[in-house]
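The primary structure of each chain is shown beneath.
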Amino acid sequence: MATKNLIPYSVYLPEHLFLKLKGLAKDRKASVLIRDAIAMIIDGNDAYTSGYNKAVKDAGNVIYECPEAQMIAIKGKDLGAILTERIDALEIKR
């Protein structure tokens, strides 16, 4: 990408992400990584959506399979099922 076509943009990051990004900058990979990630998110790229949805499903399964979450019931429904439904609602619909 031609440098003259790039516009700087500032963003606040937690320190742990900043340090990782700083490490990537040494190999000249940080800017490309960020540009690609932003483009994937904004464009609704299937790779991003698929990865995000898989992570949502995995998180829901971890909670649902937690024996402690199944021991607690709220209004007749176990906490694992309640939280799993809430997490599943975060899935990106296509």
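Structure: see above.
The paragraphs below set out a description of the structure included in this document.

About the cut-offs
Residues numbered from 1 in each chain as written. Predicted model: local features only at pLDDT ≥ 70, side-chain atom pairs only at ≥ 80, totals over all residues. Heavy atoms only, no water. Helix = DSSP H or I, 4+ residues; strand = E, 2+ residues; numbered from the N terminus. Buried < 20%, exposed > 50% of the residue type's maximum accessible area, 1.4 Å probe, protein only. Phe/Tyr/Trp six-rings, centres within 6.5 Å; stacked < 30°, edge-to-face > 60°. Axes fitted to C-alpha atoms, helices over the stretch in contact; angles between N-to-C directions. Parallel < 35°, antiparallel > 145°, perpendicular 65-115°, else oblique. Contact = heavy atoms within 4.5 Å. Nonpolar A, V, L, I, M, F, W, Y, C, P; charged D, E, K, R; others polar.

With respect to the secondary-structure elements, Ser50 resides in helix H3 (residues 46–64). Take Ser50: its relative accessible area is 34%, and that puts it in the partly exposed class. Ser50 sits 42 residues away from Ile92 along the chain, and the two C-alpha atoms are 8.7 Å apart.

Counted by the stated rule, this structure contains one aromatic pair. Both rings, one in Tyr48 and one in Tyr52, keep their centres 6.2 Å apart while their planes meet at 25°; by these two values the pair is stacked. Of this pair, Tyr48 and Tyr52 both sit in helix H3, four residues apart, which is roughly one turn of that helix. Look at Tyr52 and you get partly exposed, because its relative accessible area is 28%.

Let's shift gears to the packing of H3 against helix H5 (residues 79–88). Where H3 meets H5, the closest approach of the two axes is 8 Å, and the angle between their N-to-C directions is 175°. As summarised for this structure, H3 and H5 are arranged roughly antiparallel, according to the angle between their axes. Contacts between H3 and H5 involve Val56, Lys57, Ala59, Gly60, Ile63 and Tyr64 from the former and Gly80, Ala81, Leu83, Thr84, Ile87 and Asp88 from the latter. Of the residues belonging to the contact of H3 with H5, the class tally is seven nonpolar, three polar and two charged.

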